[in-house]
Amino acid sequence: MTALTETPPEAAGLPTPAAKRKGGGLATYLVIRFLLIFPTVLILVTMVFFLMRITGDPITAALGGRLPADQLAQRIHDAGYDRPILVQYAEYLGQVFTGNFGRTISDNRAVTEMLTTFGTATLELAINALIVAFLVGIPLGMIAAHRRDKGTDAGLRVFAILSYATPVFFAGLLLKLIFSVWLGLLPVDGRASTSTELSLGSLAAPTGIYWLDALRSGNLSAFWDVERHAVLPALALGLLTAGVFLRLVRTNLIGTLGRDYIEAGRSRGVSEFRLVTRHAYKPALIPIITVMGLQIALLLGGAVLTETTFEWKGLGFQLAQYLTARDFVAVQGIVVLLAVIVAVTNFIVDVVAALIDPRVRY
């Protein structure tokens, strides 16, 4: 009888398990994800540039009909908008990669200065909204999974649907009507009262994030004033994402509660509450981390309507103002910055997901 011999994978030309692990390692995955940022941003910058040129040059869009034809033509020539579109595009790319986004047409200020001034306000709003989303979405998702197919679960699912289906501006107006007009508990708009803004603006090297500047200065009255102004905008924007988190946590937690190790815990007499809060919720959080990049984009999109509704003077509020003024240079700068933020955030989310769940990087 002839003995059967197993052909080694190397001889058959197949990759070994070690080679597979080496080829799909964490470092390789992170490098690839990082390098993908650049073509992503380039595509977005290109799309924004050409879409902004569909209606013509920015000078005509902003000032057409308000200046004599000769003065308008002179300003177009001085800005270089009468040159071939590809030449303008190449020049614009060179400026963007050196951090120069030009100057706004409506108020003649450096776009980078405008982005720095108002970007911190949008960052503060996004942080507040994410805190609301986590504090509301994750615990309620755990409760819904624990009370599966009962009245509590049905009510929370309806709440989740209403949260992410209700337009942000409508939710904002409803919150203002209830808590500001009817109850008189919270301010109706703005980031802070006038006195607080003046005191925080006089600080040396302010960060632009009001609650952080108030804590740095030790001004607790200013801190509470800032927090009172932040409640309604954070709720209006945060509930949008909280509904998504609630559904994700509920669905994944229900799947996790059916795993063998959970059943083993039940057989040993471990309480259902302990199983949910100590053993099953961590795996259920992985999907939330993986979709966090998409939620950041959703938050930034919702920030435009939220800031306009509450007169929260951030990038979204300014974007609406510049769109009204047809200042496409400013609009271009804001959209490009938001695109970069979304691309970088997605990279960070990919890194965190790969560190938590090794299956992501193989």
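Residues numbered from 1 in each chain as written. Predicted model: local features only at pLDDT ≥ 70, side-chain atom pairs only at ≥ 80, totals over all residues. Heavy atoms only, no water.

**Some points on the environment of L315**
Part 1: Residue placement: L315 occurs in helix α16 (residues 315–324).
Part 2: C-alpha of L315 to C-alpha of A121: the two residues are 194 residues apart in sequence and 7.4 Å apart in space.
Part 3: Each residue touching L315, except ones within four places of it in the same chain, is listed here: M114, L115, F118, G119, T122, E307, I334, L337 and L338. (Helix = DSSP H or I, 4+ residues; strand = E, 2+ residues; numbered from the N terminus. Contact = heavy atoms within 4.5 Å.)

**Remarks on the UniProt feature "transmembrane region" (unreviewed entry) in the chain**
Part 1: With numbering aligned to this structure, UniProt lists the feature "transmembrane region" (unreviewed entry) at residues 30–52, 125–146, 158–185, 230–249, 284–305 and 329–356.
Part 2: As annotated, residues 125–146 has a helix share of 100% and a strand share of 0%, and its two end C-alpha atoms lie 32 Å apart.
Part 3: Across residues 230–249, the secondary structure splits into 100% helix and 0% strand, with the terminal C-alpha atoms separated by 26 Å. (UniProt positions renumbered as here; feature names shortened; annotations may be inferred.)

**A closer look at the packing of helix α8 (residues 151–165) against helix α12 (residues 220–257)**
Part 1: At a closest axis distance of 7 Å, the pairing of α8 and α12 adopts a crossing angle of 140°. In terms of orientation, α8 lies oblique with respect to α12. The handedness of the crossing between α8 and α12 comes out as left-handed. Seen from α8, the contacting residues are D153, L156, R157, F159, A160, I161, S163 and Y164; seen from α12, they are L239, L240, G243, V244, L246, R247 and R250.
Part 2: Here the contact of α8 with α12 is built from residues that sort into nine nonpolar, two polar and four charged. (Axes fitted to C-alpha atoms, helices over the stretch in contact; angles between N-to-C directions. Parallel < 35°, antiparallel > 145°, perpendicular 65-115°, else oblique. Left-handed = near helix turned anticlockwise from the far one by under 90°. Nonpolar A, V, L, I, M, F, W, Y, C, P; charged D, E, K, R; others polar.)

**Considering unusual backbone geometry**
Part 1: One non-glycine residue, N108, lies in the positive phi region at around 50°.
Part 2: As for its placement among the helices and strands, N108 is situated in the loop between α6 (85–97) and α7 (111–146).
Part 3: What makes N108 exposed here is its relative accessible area of 51%.
Part 4: One non-glycine residue with positive phi stands out, namely D149, at about 60°.
Part 5: Positionally, D149 belongs in the loop between α7 and α8.
Part 6: Under the relative-accessibility criterion, D149 is labelled exposed at 59%. (Buried < 20%, exposed > 50% of the residue type's maximum accessible area, 1.4 Å probe, protein only.)

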